[in-house]
Protein chains: 2
Amino acid sequence: MSGIGVIATLRVQPGKEEAFEGVFAELAAAVRANEAGNSYYKLFRAAEAGVYKVMECYDDEAAVEAHRASDHFRTLGAKLGPCLAGAPQIETLSAA
Amino acid sequence: MSGIGVIATLRVQPGKEEAFEGVFAELAAAVRANEAGNSYYKLFRAAEAGVYKVMECYDDEAAVEAHRASDHFRTLGAKLGPCLAGAPQIETLSAA
């Protein structure tokens with residue numbers, strides 16, 4: 001089976017969790033509405049305070065590139081940036 | 001939004017990848033067929049050889065418990081065990 005998985009780990013600054021989650025909800029809705037090549041995109045809170053993980057799945061590499069180049073990812077990603085405490089950590093996987 | 005996420009990391013013994021993937025495909029099919037409280041259950045290969053990650057999502061804690069207590073998880077899990085190089089590492093998350 002083809003497919004590309006992504007686990008993105010994001011660390012949010014203390015006090016900015018609510019703002020982060022609000023913008024992320026907009027982003028997730030835009031991904032679902034606009035990206036035919038995305039089959040999963042969901043935000044989770046980790047056990048450590050302020051740490052979030054996004055589970056993502058795409059049909060192929062082109063779908064990953066379409067996600068990163070999309071207007072919604074660029075626009076809403078720019079709003080998420082000021083909430084973060086550092087660069088996102090991205091793990092890329094291949095569907096088995 | 002409620003929900004519980006799980007990222008399970010599994011290390012498979014060299015040469016047992018194909019057997020592992022075959023049994024896991026049976027397990028994933030059984031989860032989809034039998035677990036109303038599971039909304040995602042997908043196997044991925046990590047960049048490191050022999051390392052796999054399972055992305056999982058459940059409606060609530062009862063659904064996680066139903067998964068672990070299910071006949072298919074116990075039966076097929078017992079077949080996966082001999083393929084593994086160590087105990088699975090389980091990270092539990094809460095949907096944001």
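Please refer to the structure placed before this passage.
Residues numbered from 1 in each chain as written. Chains lettered and ligands numbered in written order. Predicted model: local features only at pLDDT ≥ 70, side-chain atom pairs only at ≥ 80, totals over all residues. Heavy atoms only, no water.

Quick notes on the relation of the copies chain B and chain A
Convention followed: For this overlay, a least-squares fit was computed on C-alpha atoms, restricted to residues scoring pLDDT of at least 70 in both copies. For this analysis, residues touch if any pair of their heavy atoms sits within 4.5 Å.
Once turned by 180 degrees and shifted 0.0 Å along the axis, chain B lies on chain A with an RMSD of 0.0 Å. The superposition operator between the copies reduces to a two-fold rotation axis. Proximity to the rotation axis, assessed at the C-alpha, singles out Met-55 of chain B in chain B; its C-alpha lies 3.6 Å from the axis. Of the interface residues in chain B, 100% have counterparts in chain A that sit at the interface too, so the contact is made through matching surfaces.

What to know about the packing of helix H1 (residues 17–34) of chain A against helix H3 (residues 71–80) of chain A
All names here are of chain A. Counted only if it meets this: Axis angles are defined between N-to-C directions and span 0 to 180 degrees, where every axis is a line fitted to C-alpha atoms and, for a helix, only to the segment in contact. Under the scheme used here, helices are H or I runs from DSSP no shorter than 4 residues and strands are E runs no shorter than 2 residues, and both carry numbers assigned from the N terminus. Roughly parallel covers angles under 35 degrees, roughly antiparallel covers those over 145, roughly perpendicular covers 65 to 115, and oblique covers all other angles. Lys, Arg, Asp and Glu make up the charged group, whereas Ala, Val, Leu, Ile, Met, Phe, Trp, Tyr, Cys and Pro make up the nonpolar group; the residues left over, Gly among them, are polar.
Close contact between H1 and H3 brings their axes to 9 Å; oriented N to C, the two are set at 170 degrees. With respect to H3, the axis of H1 lies roughly antiparallel. Along its contact with H1, which presents Phe-20, Val-23, Phe-24, Glu-26, Leu-27, Ala-30, Val-31 and Asn-34, the element H3 presents His-72, Phe-73, Leu-76, Lys-79 and Leu-80. Looking at the contact of H1 with H3, its residues break down into nine nonpolar, two polar and two charged.

Things to note about the interface of chain B and chain A
In plain terms, the rule: Two parts placed together each lose some accessible area under a 1.4 Å probe, and adding up what both lose gives the buried area. The term salt bridge refers to a pairing of a side-chain nitrogen on Lys or Arg with a carboxyl oxygen on Asp or Glu at a separation within 4 Å.
Contacts between chain B and chain A engage 22 residues on the former and 22 residues on the latter. A buried area of about 1,900 Å², summed over both sides, lies between chain B and chain A, and 65% of it is on carbon and sulfur atoms. Counting the surface chain B buries against chain A, the share from its top three residues, Arg-45, Met-55 and Ala-96 of chain B, is 28%. Along the contact surface separating chain B from chain A lie two salt bridges. Residue Lys-53 of chain B pairs with Glu-91 of chain A through a salt bridge whose shortest N-O separation is 3.0 Å. Among the residues making up the side of chain B that touches chain A, the classes are represented as 14 nonpolar, two polar and six charged.

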